[in-house]
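Take a look at the letters that make up each chain.
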Amino acid sequence: MNLIIMGAPGSGKGTQAALICKTHDIPHVSTGDLLRKNIADGTELGKQAKAFMDAGALVPDELVIALLKNRIAEADCKKGFLLDGFPRNKAQAEILDTITHIDIALNLDTDLNKLVDRMASRRVCPVCGYSTSASLAPDGKCKECGAELIIRDDDKREVVENRLKVYEKNTAPLIDYYKAKGVLKNIDGMQSIDAVNAAIEAALK
Ligand code: AMP
């Protein structure tokens, strides 16, 4: 099954993506994670992408498309995959259609006004990628591996506001794009993690 998960920054996409991939045993292909790995590894692509990411802007299409194309050509993606953070605009969606087919596009429907606070309180583990809310980790430590949790550079309030603007302008129109193709499933993303997950599993049946 080739899936996409869409939703505004802070909608809980990453958390739900990890649950879906575990249940269906498919790889989680997150362009944000792939870009952050390139930055951490100091690659040329990472160097080019960093300034865009720090500003909450989209990385140029050609860089992200090359990254995505290489990733889904890997052997583990033969059995299906879940795309998280790609496509981010119509041009990327059109290119994706020339590379592969998509069975279902899940859209986490959220209240954008509530997301700034949700993201400003997000804490992530720089070692294992675990993500949580500051209130759920009062000791500031990762529940999975014990490392010190950090605030992602692009989760700072001004950057978050810009990421939401970028989302509304570029990414929200993809909801109509996949609706027109008949593969869109809308999910209420303002529920608890478990309830969102149950709604997703019902939509994938
Ligand atoms: P994410 O982890 O999906 O929120 O992505 C973090 C940042 O990576 C975004 O704010 C963009 O700067 C960049 N990024 C991730 N995926 C894409 C994409 N498909 N196209 C352009 N930029 C992207």
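Not measured: the values here are computed from a predicted model. (Residues numbered from 1 in each chain as written. Predicted model: local features only at pLDDT ≥ 70, side-chain atom pairs only at ≥ 80, totals over all residues. Heavy atoms only, no water.)

Q: Explain the overall build of the protein chain to me, using residue names and the numbers behind them.
A: Of the regular secondary structure elements, the protein chain holds nine helices and seven strands. For the C-alpha atoms alone, the extent of the protein chain along its principal axes is close to 45 × 40 × 35 Å. Long-range contacts, defined as pairs at least 24 residues apart, comprise 70% of the intrachain contacts of the protein chain with a sequence gap of at least 6. Working note: accessible area of the protein chain is about 10,400 Å², and carbon and sulfur atoms make up 53% of it. (Helix = DSSP H or I, 4+ residues; strand = E, 2+ residues; numbered from the N terminus. Contact = heavy atoms within 4.5 Å. Areas by Shrake-Rupley, 256 points an atom, 1.4 Å probe, with all protein chains shown as cover.)

Q: Describe helix α7 (residues 157–171), listing the residues and the values that go with them.
A: Across its 15 residues, α7 extends 20 Å between first and last C-alpha, which sits within 8% of the 21 Å expected from 1.5 Å per residue. Residues of α7 that are buried in the fold lie against β1 (2–7), α3 (44–54), β4 (104–109), α6 (112–120), β5 (122–124) and α8 (174–180). (Expected span 1.5 Å × (residues − 1).)

Q: Tell me about the site of the ligand, and please be specific about residues and values.
A: Within the structure, the ligand sits among 16 residues, and Thr31, Ala57, Gly85, Gln92 and Arg163 are positioned closest to it. Note that an oxygen atom of the ligand is positioned 2.6 Å from one of the backbone N or O atoms of Ala57. The side chain of Arg163 places a nitrogen or oxygen atom 2.8 Å from an oxygen atom of the ligand. It is helix α2 (residues 31–40) that provides the largest number of residues to the shell around the ligand, a total of four residues. Of the residues in the shell around the ligand, the class split is seven nonpolar, four polar and five charged. (Near = heavy atom within 4 Å. Polar contact = N/O pair within 3.5 Å; in protein donor to acceptor, adjacent residues only side chain to side chain. Nonpolar A, V, L, I, M, F, W, Y, C, P; charged D, E, K, R; others polar.)

Q: Quick one: what's the story with the packing of aromatic side chains, residue by residue and with numbers?
A: Tallied over the full model, the rule gives one aromatic pair. Taking the centre distance of 5.1 Å and the plane angle of 80 degrees together, the rings of Tyr177 and Tyr178 count as edge-to-face. Take Tyr177 and Tyr178: they sit in the same class, and that class is buried. (Phe/Tyr/Trp six-rings, centres within 6.5 Å; stacked < 30°, edge-to-face > 60°. Buried < 20%, exposed > 50% of the residue type's maximum accessible area, 1.4 Å probe, protein only.)

Q: Outline the sheet that holds β1, supporting the account with residue identities and numerical values.
A: Pairing is parallel across the open sheet formed by five strands, whose spatial order is β2-β3-β1-β4-β7. One side of each edge strand has no neighbouring strand; the edge strands of this open sheet are β2 (28–30) and β7 (184–188). Across this sheet, the average inter-strand angle for adjacent strands is 25 degrees, counted without regard to direction. Relative to β7, β4 runs parallel, the two sharing five bridges. Following the sheet pairing, Asp109 is matched in β7 by Asp188. (Pairing = 2+ DSSP bridges. Axes fitted to C-alpha atoms, helices over the stretch in contact; angles between N-to-C directions.)

Q: Can you tell me about helix α1 (residues 13–24), naming the residues and giving the values?
A: Between its first and last C-alpha atoms α1 spans 16 Å; for twelve residues at 1.5 Å apiece the expected length is 16 Å, and the two agree. Listed in full, the buried residues belonging to α1 are Lys13, Gln16, Ala17, Ile20 and Cys21. In an axial view of α1, the angular spread of the buried residues amounts to 135 degrees, which keeps them on one side of the axis. Exposed residues lying more than 90 degrees from the buried face of α1 are Lys22 and Thr23. Buried positions along α1 lie against β1, β2, β3 (81–84), β4 and α9 (193–204). Asp25 occupies a position one or two residues after α1 and carries a positive phi of about 50 degrees. (Arc of directions from axis to C-beta.)

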